[in-house]
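# Geometric and topological summary
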Amino acid sequence: MVTSEQSNVVARKFPGLERANSIGRPESNQRTFRRNLVVRLSRFVRHEWSVALLYLFLDVVSWIAIYSAVGWFRRDAFYATPFQFFVIDLIQLAVIVQALYFIGGYDRAVEKRSLIYATEHVLTIMAAAALSAMLIYSAATFDQTMKPSRGVLLLSFMIFLPVSLFYRRWIRKYVVASSANRSFLVIGSGLAAARFYEAYQNSPNGQQLDFVDLSNERVGQAIAGEGSPMVKGDLAPKLNDLGEHYSGIILTERVDSLGTQLLERLVRAQFQHTRVYTLESFYETHWRYVPLNIVDPVWPLQTGFQLARTSPYHYLKRFFDVVASAVALIVCAPLFALIALLSRGG
């Protein structure tokens, strides 16, 4: 009988034999493939722009595939030309992308696995279906060759809803995993920082928090009692070595209380690689609500701060804004002309 030690010796002497044997083990190959897929996907989703583009790509491909497949299975030939199909598909995609963008469907920071997001996603897709139907049938009233099927439209949205929610939840898992080794750098150690830590502990976020005291008065003390993180000092080296260590910077101090040099450094970090949040913007982005007791009177004027570095999905959103507006204008142009004639006749 061959022992495990003898097998190891043979494997070291004849590595090609071990590789040849592994070819015949499909389970081992499948595990290797899955492991490589997980590693590559985790590396890919580390980039902020990559997640938005991945969601957008999957939305476009899924919708086109579902809408085309449902129409083919139902044998509904309700478009006279391929161009009609393209325009209708473009209208529906523009509506879907716009709707999902408004609820943070393309934002990597939004927790896609929460019940709150799932509810918003369902309501958003239902609203997108209603708006798409309204636009399509408005267009059909002016083009008698186009006879859209209610069944195909409704069934397509019913299939797209769980599919789009599923891959968002699936990708979110890898987004969280890719950030597991990184922390949030929290600037401030006062009462606001302590309350934020307590709220963070009750949230689904699993990343660590590193608190830094600008005045160095609370360095070495627990931020919110026993068991909570210790407050650190010496902010400059941390800002110079953000890199892979931090997912973002959170300001628990008022922006107007920060020095000019620190603000300039934070703006550079925002434009380069690390997102900077005020407390209000962090609550709004990650948890979808803002407690009244933390709202800064000048917060509405600061909302552009965390958006100073424009991500690609903001450009994509602007592109679909223009496309949707142009399509809606073309579709409604005959209606505007009719209203003008009726008004003049009256």
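A quick note: this is a predicted structure, and the numbers were derived from the prediction, not measured. (Residues numbered from 1 in each chain as written. Predicted model: local features only at pLDDT ≥ 70, side-chain atom pairs only at ≥ 80, totals over all residues. Heavy atoms only, no water.)

### Observations concerning the packing of aromatic side chains
Both the distance between ring centres and the angle between the ring planes are used here to describe each pair of aromatic rings. Per the stated rule, a full pass over the model turns up 18 aromatic pairs. Ring geometry for Phe184 against Phe282: centres 5.4 Å apart, planes inclined by 90°, an arrangement best described as edge-to-face. In this pair, Phe184 sits in strand β1 (residues 183–187) while Phe282 sits in helix α11 (residues 279–287), placing the two residues 98 residues apart along the sequence. Judged by centre distance (6.2 Å) and plane angle (50°), the ring pair of Tyr200 and Trp287 falls under tilted. Here Tyr200 is found in helix α8 (residues 191–201), whereas its partner Trp287 is found in helix α11, with 87 residues between them in sequence. Trp287 shares its class with Tyr200; the two are buried. Members of the aromatic cluster, joined through ring pairs, are Phe184, Phe196, Tyr200, Tyr277, Phe282, Tyr283 and Trp287. Stacked on the ring of Tyr117, the Lys or Arg Lys112 has its end atom at 5.8 Å from the ring centre. The lysine or arginine in question, Arg168, covers the ring of Tyr106, its NZ or CZ lying 5.2 Å from the ring centre. (Phe/Tyr/Trp six-rings, centres within 6.5 Å; stacked < 30°, edge-to-face > 60°. Helix = DSSP H or I, 4+ residues; strand = E, 2+ residues; numbered from the N terminus. Buried < 20%, exposed > 50% of the residue type's maximum accessible area, 1.4 Å probe, protein only. Lys NZ or Arg CZ within 6 Å of the ring centre and 35° of its normal.)

### A closer look at a nonpolar patch on the surface
A surface patch of nonpolar side chains, about 410 Å² in accessible area, is lined by Leu154, Leu155, Met158, Ile159 and Val163. Look at Leu154 and you get exposed, because its relative accessible area is 54%. (Patch = residues over 30% accessible without salt bridge, like charges linked within 9 Å, V, L, I, M, F, W, Y side chains within 5 Å. Areas by Shrake-Rupley, 256 points an atom, 1.4 Å probe, with all protein chains shown as cover. Salt bridge = Lys/Arg side-chain N within 4 Å of Asp/Glu carboxyl O.)

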